[in-house]
Structure formats: structure tokens, C-alpha cells
Amino acid sequence: MKNFAGRIISLMAVLTLLGQPSATGAESQVITYPFPADLPASSRFHVTVDGQPVFTHAAEVADFTMFAIRGQVQVTVACEQSVTNAVVRPRSRNIVPQWEAKTVRFTVAGPGPLSVEINGQIRPALLLFIDPPEESPPPPGAPNVVRFAGGQVRDAGEIRLASDQTLYLEPGAVVRGTVRAVGANRIRILGRGIFDARPRTTKTQFFDFRDCSQVELRDVLVLGSYGWTIVPRNCRDVRLTNVKVFSWRDNDDGLDICSSQNVTIDRCFFRTKDDCIAIKAPRKEYFPAARSLENSSSAAKPESNFDVDNVVVQRSVFWNAEWGNALEIGFELLTPHIRNIVWRDCDIIRVETGAVFSIHNGDSASVEDVRFENIRVEDARDKLVDFRVGLSIYSQDCPERYHRRNPNRKPTGAGQWVPWEKLTEDEQAVARQNRGAIRNVRLSDIHLLEKVPPRSFLMNSGGELSGVTFQNLRHGDRVLDSSADLRLNVEGATEVRFAQ
């Protein structure tokens with residue numbers, strides 16, 4: 001009898017792995033990841049998928065799970081508290097939860113990140129990182145693969161990648177350390193594991209790529225970054241697919257695209273305290289030497305920044321918390337051109353402080369040909385649009401008494417911007433000469449799903465801000481076709497249009 005029961009359990013396990021019919025008749029599959037048993041587990045949420053428990057991690061501002069599915073599955077969340085309301089975001093997934101007592105249930109058809117919010121609480125929320133089944137992982141023993149085993153925590157220190165190397169995290173692997181590459185080509189970082197930055201006590205770039213080409217990041221989760229998270233600088237042909245950045249610490253920008261070209265971000269998730277994605281061309285001193293890497297013979301040492309050109313961010317989900325902005329260009333733009341930037345088919349599930357769409361040109365660059373297309377905005381609490389040209393505390397020509405790098409800097413009275421009246425006549429002359437431009441920006445098919453539309457700003461001080469077009473912006477079923485509808489404040493900008 002005991003052997004018979006064991007065979008039944010084994011058969012059920014096989015059915016779970018191979019796929020079983022769902023309520024709709026289509027095959028479903030749940031694939032769990034073997035995370036180490038000593039990781040902190042959530043006491044607030046317990047998750048099962050098609051009746052199979054999945055490990056729920058505890059984290060500072062939200063708990064989370066990681067698993068893969070095929071087809072349609074049923075998710076059940078047992079909560080620590082009684083449930084009176086539940087929301088699953090992004091709302092575009094059209095997931096309608098049901099709840100009773102301390103349990104929430106809903107159906108998920110296909111992969112993608114989700115935020116489950118109980119009783120209106122966003123701290124803590126429950127994040128579900130739902131992957132598709134893994135395809136073509138590097139086989140054991142494959143050459144040029146740095147491999148970390150699933151079910152283990154590894155303190156890896158600084159991982160240095162050279163050309164044609166792959167860094168692979170098996171499902172359930174947890175790696176603590178940083179990743180660096182300088183002058184490398186054809187590098188890949190893959191896998192269904194976690195890069196855990198929570199133990200780090202000093203700010204630094206977590207993924208630091210300099211003068212590289214053909215860089216791919218896929219499927220990994222970066223947790224608790226302290227300082228900028230993913231930073232390609234002077235790179236070419238960079239692609240992020242199904243990458244998850246979940247952080248809550250200072251200066252934890254999710255992705256800083258610095259002086260790079262041909263960058264594609266597809267089906268990713270960013271929940272950060274600071275900017276989710278920022279496009280920049282900053283000063284070189286922003287990047288301290290990566291130990292001995294920059295002294296190696298293979299390390300390129302550019303004297304100036306490249307332009308940023310051809311960036312596409314699509315089918316991704318964003319949550320910007322206390323600082324920064326969701327979709328940002330700026331502040332540091334020390335290059336002639338930032339151009340051909342497209343953000344499309346994205347869900348902004350929350351912006352707590354800052355702007356959803358922001359271009360902050362504090363330097364001399366010309367920012368042009370930027371498009372925001374087919375974007376759903378669910379909960380923006382501060383600003384919707386914030387495009388500005390002017391002198392900022394980050395500007396290269398900002399007087400030292402106001403500059404961000406000065407720990408004893410004086411307040412400007414205008415946040416991150418420096419009003420002209422704070423400058424001497426000579427400083428004003430220099431500042432006006434060095435201001436850049438924002439040209440030819442289109443926001444189309446933007447859908448605001450909740451509450452009153454937040455404020456918007458087009459502000460030009462000393463440079464050029466022209467050619468901003470709003471097309472089919474909707475708040476619910478209402479089209480916002482005027483500055484008054486959009487709560488738009490315009491100063492010094494020209495050729496601002498509302499198109500049908």
C-alpha cells in the first residue's frame with residue numbers, strides 16, 4: 001500500500017512536469033525553481049499554482065515568487081490578513097481576482113510579471129515573475145560558460161567576462177557579486193536565477209559594461225541593487241529580454257543606457273526607488289575604474305562620449321517609487337545627439353514621485369526624434385509629462401556652489417534646476433551658450449486608467465524646446481485634446497500640438 005501511494009505521487013509529479021489539461025482543455029505546465037532552503041521565506045503570502053506550492057521570497061518592500069508556466073494556470077494566494085479587496089496589475093492583462101476570507105484566486109494565461117495588491121496596500125505587495133519555459137540553456141560542460149548551480153548561494157565577488165563568454169544561472173541559483181566587462185564582444189548573461197545585491201553596503205554599478213558589443217541579458221532577476229543596476233557605457237548592440245530588476249535602495253536606477261547605440265529592451269520589469277530606465281551621456285568620472293579591468297591592454301579608453309542612437313523599449317512593465325522617473329532621458333547629456341528613442345506598448349503600473357515621461361536636458365545635447373506609443377498609465381501620483389531644458393545641478397557648467405557633486409552645495413530653491421536669477425551675469429552668459437535642445441517628440445495612444453490626470457510641464461530656459469505632439473491621449477473614455485485637459489504648463493516651448 002505504501003509503495004502504491006508512492007507511485008501515485010510520482011505519477012502526479014510527472015503529469016505536472018509534462019503538462020496536464022486545464023479547465024479550458026488546453027495543456028498547462030508549472031515549472032518551479034529549486035531555490036536554496038535557507039533563503040528568507042514570506043510569512044505574509046503563500047502561493048500555489050495549479051495546486052503546486054511555489055517558494056515565496058521575503059523582501060523589504062514586496063515579497064515575490066519566480067516560476068515558469070505554459071498555458072493557462074490557476075494561482076492561489078493565501079494571505080496573512082483578511083482580504084477585502086485585491087487588484088492584479090498590469091490591468092491590461094485583464095486578470096480579475098476573486099477573494100474570500102484570507103485567500104485570493106485568479107487565472108493567468110501566459111507568462112509576464114504581475115503585482116498583486118491586497119486591500120490597497122503597495123508595501124508590501126506580492127510580485128509574481130512568471131517566465132515561459134526555458135529554451136536552449138547552455139548544456140553542462142559547454143565551453144566558455146561560467147555556470148552557477150541551482151539551489152545554491154554563491155558569493156562570487158567580481159565576475160569578469162571576456163569576449164565570447166556566457167554567464168549562466170541555473171534555475172534556483174543565487175549569486176552575490178558584481179559583473180564587469182570592458183572591450184568585450186558577444187557576451188551573454190542568462191538563466192532563471194537571482195543576482196542578489198542585498199548584502200552590498202557600498203554603491204556601485206552592478207552590471208558594468210564598457211566599450212562592449214553584442215551584449216545579451218535574458219531571464220535573470222536582479223534583487224536589491226545599491227547604486228545603478230545595469231549600465232552599458234559606450235556599447236553597441238545590447239539586448240535585454242525578460243530581465244527583472246526589483247530594488248528599493250538609493251540611486252538604484254534599473255537601467256542606465258549611457259552613450260550607447262542599438263539597444264533593445266523587451267518584456268522586462270523594473271521596480272526601483274530611483275529611475276526605472278534613464279538614457280544618459282554622463283561625465284567619465286561617473287564611472288570609477290573597475291579594479292584592474294581598465295588597466296588591462298584590452299580595455300578601450302574613450303576620451304569622449306558617443307551619441308545615443310536607436311533605443312527601443314517595448315512590452316515592459318514599470319513601477320517607479322520614491323525618487324526619479326519611470327521613462328527618463330537625462331539629466332547628464334554630454335554628447336551632440338540623443339536620437340531615435342522609442343518607448344512602446346508598455347504598462348506603467350505606478351509612479352509614486354516624479355514623472356512617467358521625462359526628458360531633462362541639462363547640458364548641450366540635441367534630444368530629437370523621440371516617441372512614446374501605446375502606453376497604459378495606471379497610477380501616476382505626481383507628473384505625467386516633464387520635458388525641460390535648462391541649467392541643472394548635474395550640468396557640466398553648473399557653478400560649484402550648486403553642483404550635485406558638492407556635498408556642501410547650496411539649495412537652488414527649484415529642486416534639481418538652477419534659476420537664472422541665482423547666477424552672476426558671466427555665469428548666465430556661459431549657461432545660455434551651453435544649453436541644448438529637445439525637438440520632435442510625439443506621445444500617441446497614451447491611456448490614463450485611474451484618477452485625475454497628473455500635472456504636465458514643457459519648460460525651456462535658455463535652449464530650445466519645440467515640436468511636441470500629443471495624439472490620442474485618453475483619460476478613461478475622454479480624449480485629452482488641450483493644454484487645459486492635460487493640466488499642461490508651457491513656458492518657452494514652441495510648436496506644441498494636439499493631433500487627432
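Everything below is about the structure shown above.
Residues numbered from 1 in each chain as written. Predicted model: local features only at pLDDT ≥ 70, side-chain atom pairs only at ≥ 80, totals over all residues. Heavy atoms only, no water.

(A) Representation of the overall build of the protein in the model. Along the backbone of the protein there are three helices and 41 strands. A compact globule built from 500 residues should have a C-alpha radius of gyration of about 23 Å, and the protein, at 24 Å, falls within 12% of that. Across its three principal axes, the protein shows a C-alpha extent of roughly 95 × 60 × 40 Å. Sorting the 500 residues of the protein into buried and exposed places 56% on the buried side. Long-range contacts, defined here as pairs at least 24 residues apart, represent 70% of the contacts in the protein between residues at least 6 apart. (Helix = DSSP H or I, 4+ residues; strand = E, 2+ residues; numbered from the N terminus. Rg over C-alpha atoms; globule rule 2.2 N^0.38 Å. Buried < 20%, exposed > 50% of the residue type's maximum accessible area, 1.4 Å probe, protein only. Contact = heavy atoms within 4.5 Å.)

(B) Expanded view of unusual backbone geometry. In the segment running from Arg-89 into Pro-90, the intervening peptide bond is cis, with an omega of 5°. By the element assignment, Pro-90 lies in the loop between strand S8 (86-89) and strand S9 (98-100). The amide bond that connects Arg-123 to the next residue, Pro-124, takes the cis arrangement and shows omega of 5°. Tracing the backbone shows Pro-124 in the loop between strand S11 (112-118) and strand S12 (125-131). Positive phi, close to 60°, is recorded for Asp-237, a residue that is not glycine. Assignment of secondary structure puts Asp-237 in strand S23 (residues 236-241). The backbone of Asn-262 sits at a positive phi, close to 60°, despite the residue not being glycine. Note on placement: Asn-262 falls in strand S26 (residues 261-266). What makes Asn-262 partly exposed here is its relative accessible area of 30%.

(C) Here's a closer look at the pairing of strand S29 (residues 308-314). Taking burial as the measure, the seven residues of S29 include six buried ones, the bulk of the element. Where S26 lies against S29, five bridges are found, and the strand directions are parallel. Counterpart to Ile-265 in the pairing with S29 is Val-313. Bridge count between S29 and strand S32 (residues 337-351): six bridges; the pairing is parallel. Bridged to Val-311 within S32 is Ile-341. (Pairing = 2+ DSSP bridges.)

(D) Geometry of the packing of aromatic side chains. All chains considered together, the criterion is met by 16 aromatic pairs. Clustering of aromatic rings is evident, with ring pairs tying together Phe-64, Phe-129, Phe-246, Trp-248 and Phe-269. When the ring centre of Trp-323 is taken as origin, the NZ or CZ atom of Lys-273, which lies over that ring, is 4.3 Å away. (Phe/Tyr/Trp six-rings, centres within 6.5 Å; stacked < 30°, edge-to-face > 60°. Lys NZ or Arg CZ within 6 Å of the ring centre and 35° of its normal.)

(E) Spotlight on the side chain of Asp-363. Mapped onto the secondary structure, Asp-363 falls in the loop between strand S33 (355-361) and strand S34 (366-377). Buried charged residue Asp-363 carries no salt bridge. Nearest counter-charge: Arg-435, at 4.6 Å. There is a polar contact of 3.1 Å between the side chain of Asp-363 and the backbone nitrogen of Leu-333. In this structure Asp-363 touches Phe-331, Glu-332, Leu-333, Leu-334, Ser-395, Gln-396, Asn-434, Arg-435 and Gly-436, once residues within four positions along its chain are discounted. (Lys, Arg positive; Asp, Glu negative; His and termini not counted. Salt bridge = Lys/Arg side-chain N within 4 Å of Asp/Glu carboxyl O. Polar contact = N/O pair within 3.5 Å; in protein donor to acceptor, adjacent residues only side chain to side chain.)

(F) Fine view of the nonpolar core. Ranked by size, the top nonpolar core spans 80 residues in total, and within it Phe-195, Phe-209, Trp-343, Phe-357, Phe-372, Phe-387 and Leu-443 carry the most contacts. With six residues, the single largest contributor to this core is S32. Setting aside anything within four residues of it in sequence, one finds Trp-343 in contact with Ile-277, Ile-279, Val-313, Leu-327, Glu-328, Ile-329, Val-370, Arg-371, Phe-372, Glu-373 and Ile-375. Counting 24 residues, the second largest nonpolar core, distinct from the first, contains Val-54, Phe-67, Val-83 and Ile-130. (Core = buried A, V, L, I, M, F, W, Y, C linked by side-chain atoms within 4.5 Å.)

(G) Here's a closer look at the state of the cysteines. As enumerated under the stated definition, the model contains zero disulfides in all. We note that Cys-258 lacks a disulfide partner, and the nearest cysteine sulfur, in Cys-235, lies 9.3 Å from it. For Cys-258, a relative accessible area of 0% corresponds to the buried category. (Disulfide = S-S within 2.5 Å.)

(H) Geometry of the pattern of salt bridges. In this structure the tally under the stated criterion is 42 salt bridges. Between Arg-388 and Asp-386 there is a salt bridge, with its nearest N and O atoms 2.5 Å apart. As far as the burial class goes, Arg-388 and Asp-386 line up, both buried. Through salt bridges with shared partners, one network takes in Arg-89, Glu-117, Arg-350, Glu-378, Asp-379 and Arg-381.

That's the geometry; what it means functionally is another story.
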